[in-house]
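So you can see what is in the structure, the chains are spelled out below.
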Amino acid sequence: MILSSLFALLFLFAVAVLVLGTAYKIKQYINVPAPLKIPTTPAPTTKSGVVWRLFREVVFFESLFKSTKWTWIFSWIFHMSMFVVLARHIRYFNEPVWSWVALIQPFGIYAGFTMIIGMLGLLARRIFVDRVKYISSPSDYIMLLLILSIGATGLLMKFVEHTDIVTFKAFIQGIITFNWQPLPTDPLLLVHLMLVIILMIIFPFSKLLHAPGIFFSPTRNQVDNPREQRHIAKWAEKFETSDGQ
Ligand code: HEM
Ligand code: HEM
């Protein structure tokens, strides 16, 4: 029970760091001045055009596609698979399980494999492509290895050394309702959870912030209308004179 309590506490702590830390970073991003009009052209000339551009960026990784096809294919496969895997995990947290979550369960398992294939491709790129290797820092490798290990322990649990999912779900539900229940003690599950806890804690301090960050990227989120509307950064507004000079 000590182990279960320890994991429950660590889990709650990690969720708090993830949520508060990311919220804090988002607040910072909102307040950072974007003094210049710098959308990468050709850029949309309307607000709804920008929404559509960001949508394409997030769902299809459009600019990555335009710049490098190999990175794009591995990266896209990794991210999309990860989202399906995460969606599959919702079943541990919600009771009764939503029908769409039940529906995607089988796809979630395939996604576990494709996620790993994507990450192996990205790792190979950092190891074998000289000019990428040159600019790679330890954190670039560590992020990939961390998420790879999470995926590998997850799949091992699914296919090699099963964990007791019913007890596990009771543990998670216990955390949510503050009525703590025992956690199965198989090593794979403990390692999987520990790595996820580490991932949640480092998220707000790491390159993983690109997930919220994309929405604040001036080259992507600005409307290309410098002639129609004079661009003035928030902090510069007080220097504006009435004739706009
Ligand atoms: C809005 C959601 C997201 C978008 C649009 C997005 C997009 C991207 C893009 C364009 C790259 C650069 C290409 C590459 O190096 O692979 C990238 C890299 C990466 N992303 Fe995301 N991402 C998102 C969310 C996430 C999340 C939630 C995680 C993990 C928790 C994640 C993990 C990574 C990692 C580890 C890399 C580096 C891959 C490498 O080192 O080669 N991403 N992402
Ligand atoms: C809230 C945190 C998480 C919990 C409680 C959790 C728990 C679990 C459990 C219990 C399994 C075994 C499923 C089974 O045997 O049927 C599993 C599998 C798996 N997990 Fe996680 N996990 C978490 C986060 C993550 C994250 C962040 C990733 C990836 C980035 C991930 C990737 C996987 C994969 C690929 C599998 C194998 C395929 C599957 O069963 O969906 N997990 N996870």
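Undergrad: When you look at the overall build of the protein chain in this model, what are you seeing that I'm missing?
TA: What the protein chain contains, in helices and strands, is 12 helices and 0 strands. In the protein chain, the succession of helices and strands from N to C terminus is α-α-α-α-α-α-α-α-α-α-α-α. Sorting the 245 residues of the protein chain into buried and exposed places 11% on the buried side. Summarising the internal contacts of the protein chain: among those between residues at least 6 apart in sequence, 73% fall at separations of at least 24.

Undergrad: What exactly am I supposed to notice about helix 6 (residues 105-128) here?
TA: Each α-helix winds once per 3.6 residues, and so residues spaced three or four apart point in a common direction. Its 24 residues place the ends of helix 6 35 Å apart at the C-alpha level, agreeing with the 34 Å of an ideal helix rising 1.5 Å per residue. Looking only at helix 6, the buried set comprises Gly108, Ala111, Gly112, Met115, Gly118, Met119 and Leu122. Close packing links the buried residues of helix 6 with helix 4 (69-93) and helix 8 (138-159).

Undergrad: Explain the site of ligand 1 here, please?
TA: Lining the immediate surroundings of ligand 1 are 16 residues, of which Val58, Ser75, Leu122, Met143 and Ala211 lie closest. Among the elements of the structure, helix 4, helix 6, helix 8 and helix 11 (210-213) are those that each provide at least two residues to the shell around ligand 1. If one sorts the elements of the shell around ligand 1 by residue count, helix 8 sits on top with 4 residues. Partitioning the shell around ligand 1 into residue classes produces 10 nonpolar, 4 polar and 2 charged.

Undergrad: How do you make sense of the site of ligand 2 when you look at a structure like this?
TA: The environment of ligand 2 is formed by 23 residues, the closest being Gly112, Gly151, Gly154, Met157 and Lys158. Looking at the shell around ligand 2 element by element, the count peaks at 7 residues for helix 8. Considering only residue class, the shell around ligand 2 consists of 13 nonpolar, 8 polar and 2 charged.

Undergrad: How do you make sense of the nonpolar core when you look at a structure like this?
TA: Counting 9 residues, the largest nonpolar core consists of Phe78, Val85, Ala111, Met115, Met119, Leu122, Ile147, Ile150 and Leu195. Breaking this core down by element, the ones donating at least two residues are helix 4, helix 6 and helix 8. In terms of residue count, helix 6 provides more of this core than any other element does, 4 residues in total. Excluding residues that lie within four positions of it along the chain, Ala111 makes contacts with Ser81, Val84 and Val85.

Undergrad: Honestly, the environment of Val223 in this entry has me stumped. Any pointers?
TA: For Val223, the position within the fold is in the segment after helix 12 (218-221). Overall, Val223 belongs to the partly exposed group, with 19 C-beta atoms counted inside 10 Å. A C-alpha to C-alpha distance of 6.2 Å links Val223 and Lys47, two positions 176 residues apart in sequence. Beyond its immediate chain neighbours, meaning those up to four positions away, Val223 contacts Pro44, Thr45, Thr46, Lys47 and Val50.

Cut-offs used in this document
- Residues numbered from 1 in each chain as written.
- Chains lettered and ligands numbered in written order.
- Predicted model: local features only at pLDDT ≥ 70, side-chain atom pairs only at ≥ 80, totals over all residues.
- Helix = DSSP H or I, 4+ residues; strand = E, 2+ residues; numbered from the N terminus.
- Buried ≥ 20, exposed ≤ 12 C-beta atoms within 10 Å, placed from the backbone.
- Contact = placed C-beta atoms within 7 Å.
- Expected span 1.5 Å × (residues − 1).
- Near = placed C-beta within 6 Å.
- Nonpolar A, V, L, I, M, F, W, Y, C, P; charged D, E, K, R; others polar.
- Core = buried A, V, L, I, M, F, W, Y, C linked by C-beta atoms within 7 Å.

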